[in-house]
Amino acid sequence: MTTISIRAAVAAGGLLASAGLAQAQSIEARVPNLQRTDDPVSVAAGGATIVNQGLQGVGRLSANTRDFLGDSLGSFSSLAVDLATWRRSGDTYTGTLYTLPDRGYNNPDGGLFSDYAGRLNRFSLSFTPYAGAALPQATTSQAQVTLTPDGGIVLTDAKGQRFSGLDPAAGTTAQLGAVLPSAAAGPSAGRISLDAEGLARRLDGSFYVSDEYGPNVYYFNRSGQLQGLIGIPAALQPVTNGQLNFNSLNPPDTGRRNNQGLEALALTPDGRGLVAILQSATLQDSGPNQQQRANTRILYYDISGTPTPAAPSREYVLQLPVYQQSGNGGAPNRTAAQSEMVALNDTQFLVLSRDSNGLGTGNTTPIVYKSVLLVDTAGATNIAGSAYDGTTPIAPNGTLRAGLAPVQATEVVNLLNPVQLNRFGMNLTTGPATQTTLPEKIEAMGLVPVLSERAPNDYFLLVGNDNDFLTRQGVINGQPYDAGINNDNILLAYRLTLPTYVDPLSLAVMKETAPTVLQGLGAGAITAAASATRGVQDHLSALRRGPNLPAGAGQGAWGTAGPALWVGGDVVFADQPRNGGLSLDRTVAQGSAGLDLPLTGPWRAGLAVGGGGGSLSRPQGAYQQGFRQDQGAFTVAAYGGYYGPSFYAQGIVGGAPIVDFSGLRRPAAYGLTAAARTSGSALALDGEAGLVFDRAAFRLTPFAGLSHYSARIDGFTEQGAAGNNVAYGGLTVLQTTARFGAEVAYYGLSGIVPSVRVAYNAGLGPQRSAGLFRLASVQNPLATATAAVPFLQSDFVTAGAGLQGSLTERLGWRVDYQAAIGTRAGVAHGVTAGLRYQF
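Residues numbered from 1 in each chain as written. Predicted model: local features only at pLDDT ≥ 70, side-chain atom pairs only at ≥ 80, totals over all residues. Heavy atoms only, no water.

## Notes on the environment of L607
- Counting through the fold element by element, L607 comes out in strand 35 (residues 603-618).
- Taking the C-alpha atoms as reference, L607 lies 8.9 Å from G640; in sequence the two are 33 residues apart.
- Apart from the residues within four sequence positions on either side, L607 is in contact with A593, G594, L595, A637, A638 and Y639. (Helix = DSSP H or I, 4+ residues; strand = E, 2+ residues; numbered from the N terminus. Contact = heavy atoms within 4.5 Å.)

See the structure below:
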């Protein structure tokens, strides 16, 4: 297998693309990898084009900031935006940001560590992009992003104890069936030692934190209480003399390097996968030189069944960039270890790879490499469950074994852009560094949508640094310290076009709301089909009762001797039983007119036309408030039957050639509303037969009937919700219902005939249709979903009462009420009325 190699040219900032073997290093930087253009940069990768539109804003938090526990702020080893809070108002964006500090202020060379409690810091974030002239080189220029501390979450273990940042040395503790790092003595004995580096937050508020001591991945509920651990392959576990040893000072014999644990962590957008990346290669996968630790590992866990699986289901090799530490054009002698990741879908990831130069190092070495890579696992060798999950190396002495295909890696964002940094009052100066020099440890990333209808695939990439708690006025656990330097917390915001990114909140809301849209459309189309026959059914029921009317009660108005014209109308509240248990409010009004034609003897036929419409809404429910559907249809029907003195049989065929669905409103993610319209057509077939028994002033009519409705709704695409807009495939709906019941009419009153009708309705199916929908602008299969769209889910009973009579000898009237019981919580109601003129 071949990959694309990107090797830094001898000229400063130049890049040269060339092809090499899979075992060859994919990216080299021998001189500072600078990008001096301010224009958008396009990169073709994974069958799509990613566009880096550049730096849009920067925020700064002073190194002297204190967090919600009163300690010096040490963000951002990782970050996560609560997507449910992200909103756009004009050109300004707001939301809630969670950040993850690591283990507190420390100086490993001096043996200094902090008993620092693990936590998440929470901020209210506001961001207004800026594209004006260059701002002064001053800390006050980085004000496009503002962060306001807003509390946080303290992490606690299974025993309710806080975590500790202290180096565990050889100490361990046992919790949840696992051996975990813990200092053997002192105030933190028995507490889990945590060097937190990666944060992945689920939509329900629970979250994962990855750790370098273990390396481990811990799962917490939304309150920060430990719920479980992910299983880590033996290849990554630090082993010294055959024993687990989690210290961060002396290297183990095999396993993760010191302070090079699971640095990156991300959830796939569908929430089914958890992905972690080791910061650089394990000891057995490396040689003695720094540039030989480039073959690191990507671990994919399937969390669809359990949030804490015992082993990864997929595992790949990622070849990290290498660079020349001094940037003098010589051979690479360092590995640009990765520090963070974001999942675009289930095979593509943004991975942050960086050198160790910049503000915070205390030296004048130039910044050489800090870039965000697009990593694609498609086509790479899956080594999960193989001997490589033990101590068999994948890359002896740093050379990847033949036959192992690594993932593809392509640079998409180069942070070393002096033109863009200068616009926001920052620089790349290291000789010496200034307060506005780009920091050394860029370690955090997150994606939030731009929410532009014209650019639905545009997102802001938030990139933050770990300031290592470096402040001249520090305090941890009430103890002051002076780190000798102020290293502020920085947050940079880039704008990217990401066609293959599946926004997790948009995907989740689509899966919840799109079936409602289809269900409402299906119910509306079936309603249109039923409307074509319902008015005819009500008219024929009244017509059958007509010949037995007493003299003077309008017998002529309901006679069958000649042709007649009739009109009718009905209003249905909550529809009849066609919502499949969905809590919907529906009102449908329908009018119809027809011509009765006498045939030979007891045979009759007729034609009817009609029209009407209504609305459907869902008043409450998560992501459902504001749902609405308006519809209108023109209907036609033909009917005929045999109406004898003791038996009748009738049939109706009708439909709606065009059903217009307008005013479709779907509550989308990020406070947006998606709008659409579409159309369809519907067909209805109805048959009924019954016996007629006259007893004194009563007529009893037991009957049986069958209704079949079919409809087709055209596919359509929404507008108004930016990257949340959903494209729907066409929907076919079929529904067959049998009914068995009886009607009783009373003829003992002068001039009026009351009647009562009761029927049991059995759904014969099908009870559901298959719906297909996808996020319209996304070029990835993960953005597509299917759902069963239920309609009639259970049998139901209809019960009604009616009155009919005449205004004149030739003009008759009728009024009926019917209730459908069992359609949902409550009762559906319908009222119908009509007139008939007998020639």
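## Overview of the domain arrangement of the protein
- Segmentation of the protein into domains returns domain 1 (28-54 + 67-160 + 168-501) and domain 2 (507-671 + 681-838).
- A straight line from the C-alpha centre of domain 1 to that of domain 2 covers 59 Å.
- Contacts between domain 1 and domain 2 engage 19 residues on the former and 17 residues on the latter.
- In this assembly, domain 1 packs against domain 2 so that about 1400 Å² is buried in total across both faces, 58% of it on carbon and sulfur atoms. (Domains from an automatic or database assignment. Buried area = accessible area lost by both parts, 1.4 Å probe.)

## As for the layout of surface pockets
- Quantified by volume, the largest pocket comes out at close to 1200 Å³.
- Along the walls of the largest pocket sit 39 residues, with N259, Q260, S356, E440 and K441 positioned nearest its centre.
- Looking at the lining of the largest pocket residue by residue, the class counts come to 8 nonpolar, 15 polar and 16 charged.
- Volume-wise, the second largest pocket comes out at about 720 Å³.
- Looking at side-chain class alone, the lining of the second largest pocket contains 24 nonpolar, 5 polar and 9 charged residues. (1 Å grid on protein atoms, 1.4 Å probe; cavity = no way out; pocket = protein on both sides within 12 Å on 5 of 7 lines; lining within 4 Å. Points joined across faces, edges and corners; volume = space filled by probe spheres on them. Nonpolar A, V, L, I, M, F, W, Y, C, P; charged D, E, K, R; others polar.)

## Quick look at helix 2 (residues 504-545)
- Here helix 2 contains 42 residues, and its C-alpha end-to-end distance of 60 Å stays within 8% of the 62 Å for a straight helix at 1.5 Å per residue.
- A maximum bend of about 35 degrees is found in helix 2 at S531.
- Among the 42 residues of helix 2, 38 are classified as buried, and the element is accordingly described as predominantly covered.
- Taking the backbone nitrogen of L505 as reference, a side-chain oxygen 3.1 Å away marks D503 as the first, capping residue of helix 2. (Expected span 1.5 Å × (residues − 1). Bend = angle between axes of the 7 residues up to and from the residue. Buried < 20%, exposed > 50% of the residue type's maximum accessible area, 1.4 Å probe, protein only. Polar contact = N/O pair within 3.5 Å; in protein donor to acceptor, adjacent residues only side chain to side chain.)

## Side note on the side chain of Q292
- Tracing the chain through its elements places Q292 in the loop between strand 19 (273-278) and strand 20 (295-302).
- Excluding its chain neighbours within four sequence positions, the residues that come into contact with Q292 are D285, S286, G287, T335, N397 and G398.

## Considering the side chain of S506
- By the secondary structure assignment, S506 is in helix 2.
- Here the side chain of S506 touches N724 through a polar contact of 2.4 Å, side chain to side chain.
- S506 has contacts with A669, Y670, G723, N724 and L775, leaving out every residue within four places of it along the chain.

## What to know about the pairing of strand 19
- Of all 6 residues in strand 19, 6 are buried; the element is thus mostly enclosed.
- What you see with strand 19 is no split at all: G273, V275 and I277 on one side and L274, A276 and L278 on the other are buried throughout.
- Pairing of strand 18 (residues 262-267) with strand 19 involves 5 bridges; the strand directions are antiparallel. Within strand 19, the position partnered with L267 by the bridge is L274.
- Between the antiparallel neighbours strand 18 and strand 19 lie 5 residues, among them G271 with a positive phi of about 75 degrees. (Pairing = 2+ DSSP bridges.)

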